[in-house]
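# Descriptive structure summary
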Amino acid sequence: QVQLVESGGGLVQAGGSLRLSCAASGSIFRYSTMGWYRQAPGKQRELVATLARDGNANYLDSVKGRFTISGDNARTTAFLQMNSLKPEDTAIYYCNTWPNVLYSWGQGTQVTVSS
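## Considerations on the sheet that holds strand 1 (residues 4–7)
Taken together, the four strands give an open sheet; going across it, the order is 1-3-8-7, and neighbouring strands pair in antiparallel fashion. The open sheet has two edge strands, strand 1 and strand 7 (67–71), and neither has a second partner. With direction set aside, neighbouring strand axes in the sheet form an average angle of 15 degrees.

Rendered as structure tokens:
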């Protein structure tokens, strides 16, 4: 059974940076597009960024220019570099495949941005 383990979250002041990691127990991202998602309190989970196998990356409008998605060469680990963080980025961040969520959600990693 594939497991997704997110890490790297924390408490940071507005304007700060964090780098999130997502380790997959299998090489799921070799054959699928990587996706980072987030869920803020009281809101639905939303897609933040994707990285296709051909290297094409796409971002939620509100994070464009601030977040960068990447993966290791083996595509077993996904990363999300988050710069210029804003309080509205506060959420639990998850990784999974996209457009179809093929695997059970991991526990996520909490990102809290203080103003």
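Having seen the model, we can carry on.
## Brief notes about the pattern of salt bridges
Using the criterion set out here, one finds four salt bridges in the structure. One salt bridge in this structure joins Arg-38 and Asp-89, with 3.0 Å as the shortest N-O distance. Separated by 51 residues along the polypeptide, Arg-38 in strand 4 (residues 33–39) and Asp-89 in the loop between strand 8 (77–82) and strand 9 (91–98) bring together distant segments of the chain. Residue Arg-38 shares its accessibility class with Asp-89, and that shared class is buried. As a salt-bridge pair, Asp-61 and Lys-64 come within 3.0 Å of each other at their nearest N and O atoms. Its relative accessible area of 60% is what places Asp-61 among the exposed residues. Overlapping salt bridges, with partners in common, bring together Arg-38, Glu-46, Arg-66 and Asp-89 in one network.

Conventions and cut-offs
- Residues numbered from 1 in each chain as written.
- Predicted model: local features only at pLDDT ≥ 70, side-chain atom pairs only at ≥ 80, totals over all residues.
- Heavy atoms only, no water.
- Pairing = 2+ DSSP bridges.
- Helix = DSSP H or I, 4+ residues; strand = E, 2+ residues; numbered from the N terminus.
- Axes fitted to C-alpha atoms, helices over the stretch in contact; angles between N-to-C directions.
- Salt bridge = Lys/Arg side-chain N within 4 Å of Asp/Glu carboxyl O.
- Buried < 20%, exposed > 50% of the residue type's maximum accessible area, 1.4 Å probe, protein only.

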